Amino acid sequence: MSSGAQGAKYVAASFGLWSLLLSVASGIIIRDDRPDTDYLVLDSDYPALVDLIERGDCIATLVHESYLLTVAHCAAEVNAGKVLQVNGVPHTVAEVILHPQWNRRRDDYDIALVRLTEPVKGVTPLPIYRGPEETGSLITIVGRGDSGTGVRGERGASNDGRLRKCTNIVSQVNDHFIEILFERPGEEGVTELEGVGAAGDSGCPAFIEVDGVSYIAGLNSWGDGPRGVRVGQYGANDYQTRVTRYLEWLDSVVDFPDPPALRTTLAILNLSPIFPAMGALEGVSLTFTTASGKSYAIEQSADLVNWRVRQSGVQGTGFPVRTLLPAIPGSLPALFWRVREE
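Basis of the calculations
Residues numbered from 1 in each chain as written. Predicted model: local features only at pLDDT ≥ 70, side-chain atom pairs only at ≥ 80, totals over all residues. Heavy atoms only, no water. Helix = DSSP H or I, 4+ residues; strand = E, 2+ residues; numbered from the N terminus. Buried < 20%, exposed > 50% of the residue type's maximum accessible area, 1.4 Å probe, protein only. Contact = heavy atoms within 4.5 Å. Areas by Shrake-Rupley, 256 points an atom, 1.4 Å probe, with all protein chains shown as cover. Pairing = 2+ DSSP bridges. Axes fitted to C-alpha atoms, helices over the stretch in contact; angles between N-to-C directions. Core = buried A, V, L, I, M, F, W, Y, C linked by side-chain atoms within 4.5 Å. Phe/Tyr/Trp six-rings, centres within 6.5 Å; stacked < 30°, edge-to-face > 60°. pLDDT = per-residue confidence, 0-100. Salt bridge = Lys/Arg side-chain N within 4 Å of Asp/Glu carboxyl O. Disulfide = S-S within 2.5 Å.

Draft legend 1. Expanded view of the overall build of the chain. A count of helical and extended segments in the chain gives two helices and 24 strands. Looking at the chain as a whole, 51% of its 342 residues are labelled buried. Within the chain, contacts between residues at least 6 apart in sequence are counted, and of these 69% link residues at least 24 apart. Of the roughly 15500 Å² of accessible surface on the chain, a fraction of 51% belongs to carbon and sulfur atoms.

Draft legend 2. Molecular detail of the sheet that holds strand E6 (residues 57-64). Spatially, the six strands line up as an open sheet ordered E5-E6-E7-E10-E9-E8, and their pairing is antiparallel. Sheet topology places strand E5 (49-54) and strand E8 (83-86) at the edges, where each strand pairs with a single neighbour. The average undirected angle you get between the axes of adjacent strands in this sheet is 45°. With four bridges connecting them, strand E7 (residues 67-70) and strand E10 (residues 112-116) associate as antiparallel partners. Each bridged residue has a counterpart across the sheet, and for Leu 69 the counterpart in E10 is Leu 113.

Draft legend 3. Highlighting the nonpolar core. Residues Leu 69, Leu 113, Ile 128 and Leu 250 are the most contacted members of the largest nonpolar core, which totals 69 residues. Apart from residues no more than four positions distant in its own chain, Ile 128 is found in contact with Val 63, Leu 69, Tyr 215, Ile 216, Val 243, Leu 247, Leu 250 and Phe 256.

Draft legend 4. A look at the packing of aromatic side chains. One pass over the full model with this rule turns up six aromatic pairs. Aromatic pair Phe 177 and Trp 222: ring centres 5.7 Å apart, planes at 80°, arrangement edge-to-face. In this pair, Phe 177 is assigned in strand E14 (residues 177-181) and Trp 222 in strand E17 (residues 213-224), connecting sequence segments 45 residues apart. Note on Phe 182 and Tyr 234: the rings are 4.9 Å apart at their centroids and 55° apart in plane angle, and the pair reads as tilted. Of this pair, Phe 182 sits in the loop between E14 and strand E15 (195-196) while Tyr 234 sits in the loop between E17 and strand E18 (237-242), and the two are 52 residues apart along the sequence. A single burial state applies to Phe 182 and to Tyr 234, both of which are buried.

Draft legend 5. Geometry of the confidence of the model for the chain. Summary statistics for the chain give a mean pLDDT of 83 and a share of 82% for residues scoring 70 or more. Contacts of residues 1-26 to residues separated by more than four positions or lying in other chains number 92 contacts, the stretch itself having pLDDT below 50.

Draft legend 6. The pattern of salt bridges, seen in detail. Under the criterion given, the structure shown has 18 salt bridges. One salt bridge in this structure joins Arg 34 and Asp 38, with 2.9 Å as the shortest N-O distance. Here Arg 34 falls in the partly exposed class, since its relative accessible area comes to 22%. One salt-bridge network, held together by shared partners, links Asp 43, Asp 51, Arg 55 and Arg 144.

Draft legend 7. The state of the cysteines, seen in detail. In this structure the tally under the stated criterion is one disulfide. Between the sulfur atoms of Cys 58 and its disulfide mate Cys 74 the distance is 2.1 Å. On the sign convention where negative means left-handed, the S-S torsion of about -70° between Cys 58 and Cys 74 marks this disulfide as left-handed. Of the two residues, Cys 58 sits in strand E6 while Cys 74 sits in helix H1 (residues 72-75), which places them 16 residues apart along the sequence. Owing to a relative accessible area of 0%, Cys 74 belongs among the buried residues under this scheme. Of all cysteine sulfurs in the structure, the one in Cys 204 sits closest to Cys 166, which takes part in no disulfide; the separation is 8.2 Å. Exposure remark for Cys 166: the relative accessible area of 0% places this residue in the buried category. You can call Cys 204 buried: its relative accessible area is 0%.

Draft legend 8. Representation of the pairing of strand E20 (residues 283-288) in the model. Judged by how many residues are buried, E20 sits mostly within the fold: six of six residues are covered. A two-sided burial pattern is seen for E20, the buried positions comprising Gly 283, Ser 285 and Thr 287 on one face and Val 284, Leu 286 and Phe 288 on the other. Sheet topology places E20 next to strand E23 (residues 321-326); six bridges connect them, and they run antiparallel. Bridge assignment links Val 284 to a residue of E23, and that residue is Leu 325.

Draft legend 9. Spatial organisation of the side chain of Thr 61. Assignment of secondary structure puts Thr 61 in strand E6. If sequence neighbours within four positions are ignored, Thr 61 has contacts with Ala 48, Leu 49, Tyr 67, Leu 68, Leu 69, Leu 126, Pro 205 and Ile 216.

Draft legend 10. Region of the structure containing the environment of Glu 95. Position of Glu 95 among the secondary structure elements: in strand E9 (residues 89-98). Sequence spacing of Glu 95 and Lys 82 is 13 residues, and the spatial spacing of their C-alpha atoms is 9.8 Å. If sequence neighbours within four positions are ignored, Glu 95 has contacts with Leu 113, Val 114 and Arg 115.

Draft legend 11. Layout of unusual backbone geometry. For Cys 58, which is not glycine, the phi dihedral falls at a positive 80°. One non-glycine residue, Asn 87, adopts positive backbone phi at about 55°. Taking relative accessible area as the criterion, Asn 87 reaches 46% and is therefore assigned partly exposed.

Shown next as C-alpha cells:
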C-alpha cells in the first residue's frame, strides 16, 4: 500500500477479523471505463486551491482573504515564513493553526488553518458548508495527487501533477469524517465520474453544491479497504474530515465572508409516477430541459430541506431529457424532486 514519499504522509494499521489497509488520501482514482480526460480540470478553474508542500503533495483552500483551510497532518509540515503560490502570486505563511485536539497518532481532528501575512487579492475565497447532514449528498473532490483506476488503486497510480475532479455519494458520516465508497461501474449508486482519493495531496476540498454554489464540506484525509481491497480499488472507502463538525472552532478563529449569491435551480417540466397493474409505486418518470454540454443531477426530498441525489451526470443535449428512476423499497416518500446543474 502506497502512502506517498513526503513527510506529510503517514500510514496507520488496525487488526481484527477484518484487517484495514489505511493510507492518507487525496489524489484522484477514477473509473476504468471512462477516459482520464473526463476527469481533468484546469488550474484556472480552481484558483483558490494552493499547493501546500509541493505540487502533488498536500492542498489547502482559500476560505478567507488571509486564511487557508487544510488537514492538520499536512499543515504540521509547514512553518511560518514558507512562501506559497496563490493563483501564481507568492504569499508568506504567518502562522499555522492546528486544531488543539489533533494528535499525530490519530486521525480525528484532522483539520487546520494557515494564516497568511498579507490578504490575497483577485481570488474569491470558497465558502464552507453549514448545511444539514451530508449523507446521500453528491460530493465533488478536486485533487492533484496520484491518479489511476479502481482496478489497481494506488498500486497502479502515478503522479503527473495535473488537477482532476471526481464525484461520489456520501455513504455515511460520524463526528469526524464523511465516508464514501468506490463503486464499480454498473453498481447501484455509482456516479458518472465516480472516484476516490489516494496518496498525493491530502487536504483537497470535497464540495457539496447547494443551489448552484459549491461549499467545502470535507477535506480529504485518509482511505482504507476491507480484507483483500487496497486503497483506491473498487470497494475501498475514502474519508474526508467533516467540516461541519468543526464549525465552532473555525468560527472562533476566522470571521468568514458571506457565501456568494444563490443560483436559481431548474424547473422540472414533467413528473409522472409509474404503477404496475395492481401494484405499488414502481418508479418515477422525469422530463426536464437541458443545455448542450451541461451535466445535471436529479435529487429527491421529503421535506425540502434534506435532499438525496438519485442520479448524477445526466448529460444535456439542448433538448428535453426523459429519465426513469426506480422506487427505493422501504425509503421515505419523495414528495419533492428537483434538477440542478452540476
